[in-house]
Amino acid sequence: MSEFCGNPAAETGEALMPTKPKFDRTRTCVKCKTNSGNLVIRHSVYCRDCFTPLITTKFRQALEPHINHVSTGPRRGALKPSGGLLVAFSGGMGSSVLLDLVHRIYCANVGSDELKGGREHPRRSRVWKRIHVCYVKTSDVFPEINDQTAQIREAVARYEGCEFIPVRVQDAFDRSWWERVSGDAASSSAEIPVDLNDGDSEPIAALKAHLRALPTPTATQSTLSTLTRLLLLYTAHSIGASHLVLGTSLTSLSISLISSISQGGGFVVPQAIQEEWISPFVKRTPETTSWSGEVRLIRPLREVSLKECTAWVWWHQLSVVGKQRVPISERTIGSLTKDFIIGLERDYPSTVSTITKTVGKLAPKGKSGMRCVLCELPTQQSVQGWKARTSIHSFADAPSPADVATSLPIYLCYSCQTTLTSKSSRSTTSLNSGSLSTTSAPDAMDLPTWAAARLAFGVGIGEEQSATTSTSTNETRESRQSLIKSLVGEFLLDH
Amino acid sequence: MAPKSCALCQNAKAILRRPKTGQQICKDCFFRVFETEVHNTITEAQLFKPGDRVAIGASGGKDSTVLAYVMKTLNERYQYGLSLFLLSIDEGITGYRDNSLETVKRNQQQYDMPLKILSYDELYGWTMDRVVSTIGKKNNCTFCGVFRRQALDRGAASLCVDHIVTGHNADDIAETVLMNIMRGDIARLGRCTAICTQGEDTIRRSKPFKYAYEKEIVMYAYFKKLDYFSTECIYSPDAYRGHARAFLKDLEAARPSAIIDIIHSGEAFEVKDEVRATQKTQQTCKRCGYMSSNDLCKACSLLEGLERGMSTAAISDKGRRKLEAEGPAPNNLRTIPYFRPPTTVTIEVPAASQ
C-alpha cells in the first residue's frame, strides 16, 4: 500500500506541486530592511518592531483627518473634535484592537516623558476629554448565548479613563431608554404613541415579536445589526459624542459591503465605510456650518486586515473576551458572504482591499431627501414602482394614491423593505420565526422606538420636511395609533 | 391536502413555485407574469420604436431561444412594429457550436425569422479550435469573448439593423456586478447594469431579460416545449467567474430575491465624477475602425498576438513588452476588415436607458 500512497513529506521537491511563495522577494522586513521578517501581509514582509508603527499609522490615517468638524489637516495639535468619543465594543477581535489603539494613542501617551516638546506642547493635550465605551448586549433575546457584560466591563476597566456604557438590544423597543436618549423629544415623550404592543409593553417581548415577524434568518441577522448601529448612534448622541468608532477590520468591512449589496443596499453602500448621522431632533438649516449634535461614524481599522488584528492581539498580549455568535441559521446572506470572502482571501489576498477601494469610488445615483424610518439611512425615490415592474406579485390594479400615502413601504429604504418582505426559498408563509419561535402566532409587528416616533410625528422622514410634519402632534393619540397599525398591517399577512 | 390554488388568478391549480417571488402559481399565470415583466422592461427603458430592425443574438442555448420566442410573441401582442432577425456567431468549436447552430437553423424555421451566421474563421481567420490548439485552454475565454462582441456588431451591420438584443439574464448581470466589485473593474461596474449600451460608432445593444431569472427562463422553455441546445461550452469556463456564480447560487438559495437585489444595488450607485474623469475616453481603432480605449482595439491586439506567435501580447504587460521588442507589425499581417456601421443607425438613446 505504501508504494501507492507514499509520504509526501519525504518526497523530493520535483515530485510535489510547486507552491507559490508567500512573500515577494526577500525575508527581510520591507520597512527597516535590517531585521528578519516576522509577518507576511499581502506578500510584504514586516518585522515585529515595524509592525506596531505600521498599524498605528494606518489607524491614525483613517481617523484623524475626520476628527475636526471641518477637515483642516491631520496634525495632532490641530485636532479639535466637537464632542466626545464613543467606542463601540463587542468583545471581538476588532473592537479589542480598536480600544487598545484608542487608549494607547489618545490616553496613555498623553503624559508620557517620551513625547517630544514642552509641557504645554499641543501633543500633550488630550484630543478627547471624555471617552465612553458602549457594549450592546444580545443575550436576553437568545438564551443560548451567555451574558458577557461582566467580562466586557472588566476588559474595559483595564483601560484607565474610559467610561463603560452597557446597552441592551431590546432597548430599541424601550420607551424609557428612548426618553433618555432622544434629547428634545424627552419632554414630549408622553405623547409619543409608540406603544404598538397591544398591551405587551415589555421591550424584550416587543423585540422578540419584531424578530418573529421577519421572513428569513438573513432578515434577523440584518435587523440585529441595524438595531445595534442605531442604538450606538443614539447613545453617542445622548452623551454628546461627535464621533463613534467601530472596530470593523478591512476583512469585516469587505464582507459587510458585499453583504449589503446582496441585500439591495447599493444606494447607501458608499456610506457604509463612513457615515454622517444626524439625529432627527437636531434642528439644522442648510446654513448651519458648526457642529450641532451630528455623530460621525468612523471605522479606523478599515485598512487593517483580520490577520493584522490577530498579530496585534498576539504581540501586545491582549485578552480578547470573544464575541458570541448569535444562534441563527448558517444560511444567511451575511454568513455565506463571510465564508466566501474569507475563502477568496486565501487564494486572492488582495481581494478584500480591492472591494473596499472599489466601493470607495462609488457614489449614490440620484438625490434623496428622505431617510428610512427603520435604519435612518437615505432612501431612493420610486423604489415601489421599480419593484412592481420587475417582480409582479399581483395582477390587481395599481393601488390608489391614498393607499400609497398610508403605506409603510414609502417610508422604508429598499433594503429594509426587502428585509421585511422577502421570503426564503423554502417557506410558504411570509412569517418565519427561526430560533425565536413560540407557539403563538405573531399578531402585531412592533417597530423600534425611533421608527414609531418618526412615523407618528413625521420627524426626519425628509430632512426638509421635518419642520412641517411635526404639526401632526395635534392629532389624537387614538387616530395616530390606528394610522401606525394600518401602516404595518400589510406586513402581517402572507402576500 | 387539497391542491393549492394559484396565488395570482386564485382559480387554477398552482403547479409551480415561482423562483423569483416564491409564489405558487399556475402555468398560464407564470407565462403571463414572465412575459409582462419583459414587456415592462422594454417599455420602461423605451428600447424600441416602430419600424426598428432588431437582431436577436442567437446561440441556440436556452436564453437566446426563449428571447427569440418572447420577442416574437411581444412584438405581435403589443404591436411593437419591429422586424426581427436571428444573428448567430460561429466560433468554430467542433462538437459544440456546430450542433447548437443546427438548433438555431430550426428556430429560424419555427419562428419564421431571417438568419445570418458569421464565423470567426471568416472574420478573423481563426476558429476557436485553432486558438485553443495554439494557446491552450488558459485565457481562451478572453479571445472568444472579445471576438464575439465585435463579430456581433459586424454581423448586425451587415444586416443593417438598428439594434441587437442579447439573452443576458438577471443571474448574469448580478454575477457581473459582484465580479466587477471584487476585481476593481470600475469602468465595467459603471455600465454593467445599464439595460442599453451604445458606443459612438456601434449599434445599440440591450438586454430585455435583465430582470428575468435564469431558473424562470429554463422553466419557460420547459413549459413551452421550446427547442434549445443545452450543452455547456467544451472549453472550460473562467475560474474566477465560476467562484462568483457558485456564490450567487448560494445567495439565491438563502433568499431568492438576492439576484434582483444585487441588480438594484448596481443601478443605485455610480462611479464618482472625479474617478470617472480619470477614465480613458473612447476612440476608434486605428487598424479596423471599431470602438477602442487605445490606439488598437482589443480584438486587433489579440489577433496580432496570435498571428505573430505571441498569444499573451494583449493579455499581460510582459507579453506586450515582448511584442514591442520584436518591432512593429509586418505589413502582410492579417487584420480585421475595416468596420463601417450601417447608415440607418439612430444615435438617440432614451434618457431612462443611459
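As the structure is a computational prediction, the values presented were derived from the model and not from experiment.

### Comments concerning the UniProt feature "binding site: ATP" (unreviewed entry) in chain B
Residue and element names in this part refer to chain B.
For step 1, the next point in the chain: In the UniProt entry, the feature "binding site: ATP" (unreviewed entry) is given for G57, A58, S59, D63, I89, G167 and D172.
For step 2, the next point in the chain: With respect to the helices and strands, the residue G57 is situated in strand β3 (residues 53-57).
For step 3, the next point in the chain: Here G57 falls in the buried class, since its relative accessible area comes to 14%.
For step 4, the next point in the chain: Apart from the residues within four sequence positions on either side, G57 is in contact with S64, L87, L152 and V165.
For step 5, the next point in the chain: Take I89: it is sitting in strand β4 (residues 83-90).
For step 6, the next point in the chain: Other than its neighbours up to four places away in sequence, I89 contacts R97, L118, Y120, R148, A151 and L152.

### Some points on the packing of helix α2 (residues 62-77) of chain B against helix α9 (residues 214-223) of chain B
Residue and element names in this part refer to chain B.
For step 1, the next point in the chain: At a minimum axis distance of 10 Å, the contact between α2 and α9 shows a crossing angle of 65 degrees. Between α2 and α9 lies a crossing whose hand is left-handed. Note on element contacts: α9 touches α2 through E214, I217, V218, Y220 and A221, opposite K62, D63, V66, Y69 and V70.
For step 2, the next point in the chain: In the contact of α2 with α9, the residues fall into seven nonpolar, no polar and three charged.

### Remarks on the sheet that holds strand β5 (residues 115-119) of chain B
Residue and element names in this part refer to chain B.
For step 1, the next point in the chain: Reading across the sheet, the six strands line up as β5-β4-β3-β6-β8-β7 and stay open at both edges, with mixed pairing between neighbours. Here the strands that pair on one side only, and so sit at the sheet edges, are β5 and β7 (196-197).
For step 2, the next point in the chain: One ladder, built from five bridges, connects β3 with β4; its direction is parallel. If you follow G57 over to β4, its bridge partner there is L87.
For step 3, the next point in the chain: Each of β3, β4 and β6 (163-165) touches α2; the most contacted strand, β3, lies at about 155 degrees to it.
For step 4, the next point in the chain: Sheet strands touched by helix α6 (residues 140-158): β3, β4, β5, β6 and β8 (204-206). Its angle to β4, the strand with the most contacts, is close to 140 degrees.

### Concerning the environment of B:R188
For step 1, the next point in the chain: Locating B:R188 in the fold gives a position in helix α8 (residues 186-191).
For step 2, the next point in the chain: Between the alpha carbons of B:R188 and B:V177 there is a distance of 8.6 Å; along the sequence they are 11 residues apart.

### Regarding the sheet that holds strand β6 (residues 241-245) of chain A
Residues and elements named next belong to chain A.
For step 1, the next point in the chain: Taken in spatial order, the six strands of this open sheet run β5-β4-β3-β6-β8-β7, and their pairing is mixed. The outermost strands of the open sheet, each flanked by one partner alone, are β5 (162-168) and β7 (275-277). This sheet shows a mean twist of 25 degrees between the axes of neighbouring strands, independent of strand direction.
For step 2, the next point in the chain: Across four bridges, strand β3 (residues 84-88) lies against β6 in parallel orientation. The partner of G84 across the bridge, within β6, is A241.
For step 3, the next point in the chain: The strands touched by helix α3 (residues 93-108) are β3, β4 (131-137), β5 and β6; relative to β3, the strand with the most contacts, the crossing angle is about 155 degrees.

### Examining the nonpolar core
Across soluble globular proteins, nonpolar side chains have a tendency to be buried as a group.
For step 1, the next point in the chain: Counting 54 residues, the largest nonpolar core has A:L244 and A:W450 as its most contacted members.
For step 2, the next point in the chain: Examining the composition of this core, we find that nine residues originate from one element, helix α7 (residues 217-238) of chain A, more than from any other.
For step 3, the next point in the chain: By size, the runner-up hydrophobic cluster in this structure holds 46 residues, among which are A:I258, B:M179, B:M182 and B:I259.

### Observations concerning the UniProt feature "domain: Cytoplasmic tRNA 2-thiolation protein 1 C-terminal" (unreviewed entry) in chain B
For step 1, the next point in the chain: In the UniProt entry, the feature "domain: Cytoplasmic tRNA 2-thiolation protein 1 C-terminal" (unreviewed entry) is given for residues 283-312 of chain B.
For step 2, the next point in the chain: Along residues 283-312 of chain B the backbone is 33% helical and 13% strand, and the end-to-end C-alpha distance reaches 23 Å.

### Topic: helix α4 (residues 149-157) of chain A
All names here are of chain A.
For step 1, the next point in the chain: Looking at α4, one finds that the buried residues are T149, I152, A155 and V156. Across the axial projection of α4, the buried residues extend over an arc of 125 degrees, all falling on one side. For α4, the exposed residues set more than 90 degrees away from the buried face come down to A150, E154 and A157.

### Quick word on the pairing of β3(A)
Each regular strand displays side chains that alternate between the two surfaces of the sheet.
Residue and element names in this part refer to chain A.
For step 1, the next point in the chain: Counting buried residues in β3 gives five out of five residues, a clear majority hidden from the surface.
For step 2, the next point in the chain: In this sheet, β4 lies alongside β3 in parallel orientation, the contact comprising four bridges. Counterpart to A88 in the pairing with β4 is C134.

### A look at the pattern of salt bridges
For step 1, the next point in the chain: Using the criterion set out here, one finds 38 salt bridges over all chains in the structure.
For step 2, the next point in the chain: Salt-bridge contacts for A:R168 lead to A:D174; the nearest nitrogen and oxygen are separated by 3.1 Å.
For step 3, the next point in the chain: Classification of A:R168 by relative accessible area gives partly exposed; the value is 30%.
For step 4, the next point in the chain: We classify A:D174 as buried; its relative accessible area is 12%.
For step 5, the next point in the chain: Two residues, B:R205 and B:D153, come together in a salt bridge whose shortest N-O distance is 3.3 Å. With a gap of 52 residues between them, B:R205 in strand β8 and B:D153 in helix α6 connect regions that are remote in the sequence.
For step 6, the next point in the chain: Judged by relative accessible area, B:R205 falls into the buried class, the value being 10%.

### Regarding the confidence of the model for chain A
Caution applies to low-pLDDT parts of the model: their predicted coordinates are not meant to be read in detail.
Residues and elements named next belong to chain A.
For step 1, the next point in the chain: Looking at chain A as a whole, its pLDDT mean stands at 78, while 72% of the residues score no less than 70.
For step 2, the next point in the chain: Mean pLDDT per element in chain A: helix α16 (residues 466-469) is the minimum at 36, and helix α8 (residues 250-262) is the maximum at 96.
For step 3, the next point in the chain: Within the model, pLDDT remains below 50 along residues 459-477, and this stretch shows 36 contacts once partners closer than five positions in the same chain are excluded.
For step 4, the next point in the chain: Every residue in residues 487-495 scores below 50 in pLDDT, and together they form 30 contacts with partners more than four places removed in sequence or on other chains.

### Some points on the interface of chain A and chain B
For step 1, the next point in the chain: The interface is formed by 51 residues belonging to chain A together with 46 residues belonging to chain B.
For step 2, the next point in the chain: Summed over both sides, the interface between chain A and chain B buries roughly 4,500 Å², with carbon and sulfur atoms accounting for 62% of that surface.
For step 3, the next point in the chain: Run the count over chain A and chain B and you get two salt bridges.
For step 4, the next point in the chain: The shortest N-O distance in the salt bridge between A:R389 and B:E44 comes to 3.7 Å.
For step 5, the next point in the chain: Connecting chain A to chain B are 16 residue pairs in polar contact (both at pLDDT 80 or more).
For step 6, the next point in the chain: Contributions of two or more residues to the side of chain A that touches chain B are made by α7, α8, α10 (333-347), α11 (351-360), β9 (362-364), α12 (383-390) and α14 (414-421) of chain A.
For step 7, the next point in the chain: Looking at the side of chain A that touches chain B element by element, the count peaks at six residues for α11(A).
For step 8, the next point in the chain: Tallied by class, residues from the side of chain A that touches chain B come to 20 nonpolar, 25 polar and six charged.
For step 9, the next point in the chain: Sheet topology note: the β9(A)/strand β9 (residues 269-271) of chain B ladder contains three bridges and is antiparallel. Following the sheet pairing, A:L362 is matched in β9(B) by B:V271.

### Looking at the side chain of B:T193
For step 1, the next point in the chain: Looking at where B:T193 falls in the secondary structure, it is placed in the loop between α8 and β7.
For step 2, the next point in the chain: A residue is classified by how much of its surface remains accessible, and B:T193, at 4% relative accessible area, is buried.

### Things to note about the packing of aromatic side chains
Centre distance and the angle of the planes are the two values used to describe a pair of aromatic rings.
All names here are of chain B.
For step 1, the next point in the chain: Following the criterion strictly, the structure yields 30 aromatic pairs over all chains and no others.
For step 2, the next point in the chain: The rings of F30, F31, F34, Y69, Y111, F209, Y220, Y222 and F223 are connected pair by pair, giving a single aromatic cluster.
For step 3, the next point in the chain: Note that R130 overlies the ring of W126, its terminal NZ or CZ placed 3.7 Å from the centroid.
For step 4, the next point in the chain: Across from the ring centre of F31, 4.1 Å away, lies the NZ or CZ of K224, which sits over that ring.

### Remarks on unusual backbone geometry
Residues and elements named next belong to chain A.
For step 1, the next point in the chain: One non-glycine residue, R42, lies in the positive phi region at around 45 degrees.
For step 2, the next point in the chain: In the Ramachandran plot, E376 falls in the positive-phi region, its phi being about 60 degrees despite a non-glycine side chain.
For step 3, the next point in the chain: As for its placement among the helices and strands, E376 is situated in the loop between β9 and α12.
For step 4, the next point in the chain: According to the relative accessible area criterion, E376 is buried, its value standing at 0%.

### Digging into the pairing of β6(A)
Residue and element names in this part refer to chain A.
For step 1, the next point in the chain: In terms of residue burial, β6 counts as a mostly covered element, since five of its five residues are buried.
For step 2, the next point in the chain: Here β6 runs beside strand β8 (residues 295-298); their pairing, made up of three bridges, is parallel. Across the sheet, residue H243 finds its bridge partner in β8, namely R296.

What counts as what
- Residues numbered from 1 in each chain as written.
- Chains lettered and ligands numbered in written order.
- Predicted model: local features only at pLDDT ≥ 70, side-chain atom pairs only at ≥ 80, totals over all residues.
- Heavy atoms only, no water.
- UniProt positions renumbered as here; feature names shortened; annotations may be inferred.
- Helix = DSSP H or I, 4+ residues; strand = E, 2+ residues; numbered from the N terminus.
- Buried < 20%, exposed > 50% of the residue type's maximum accessible area, 1.4 Å probe, protein only.
- Contact = heavy atoms within 4.5 Å.
- Axes fitted to C-alpha atoms, helices over the stretch in contact; angles between N-to-C directions.
- Left-handed = near helix turned anticlockwise from the far one by under 90°.
- Nonpolar A, V, L, I, M, F, W, Y, C, P; charged D, E, K, R; others polar.
- Pairing = 2+ DSSP bridges.
- Core = buried A, V, L, I, M, F, W, Y, C linked by side-chain atoms within 4.5 Å.
- Arc of directions from axis to C-beta.
- Salt bridge = Lys/Arg side-chain N within 4 Å of Asp/Glu carboxyl O.
- pLDDT = per-residue confidence, 0-100.
- Buried area = accessible area lost by both parts, 1.4 Å probe.
- Polar contact = N/O pair within 3.5 Å; in protein donor to acceptor, adjacent residues only side chain to side chain.
- Phe/Tyr/Trp six-rings, centres within 6.5 Å; stacked < 30°, edge-to-face > 60°.
- Lys NZ or Arg CZ within 6 Å of the ring centre and 35° of its normal.

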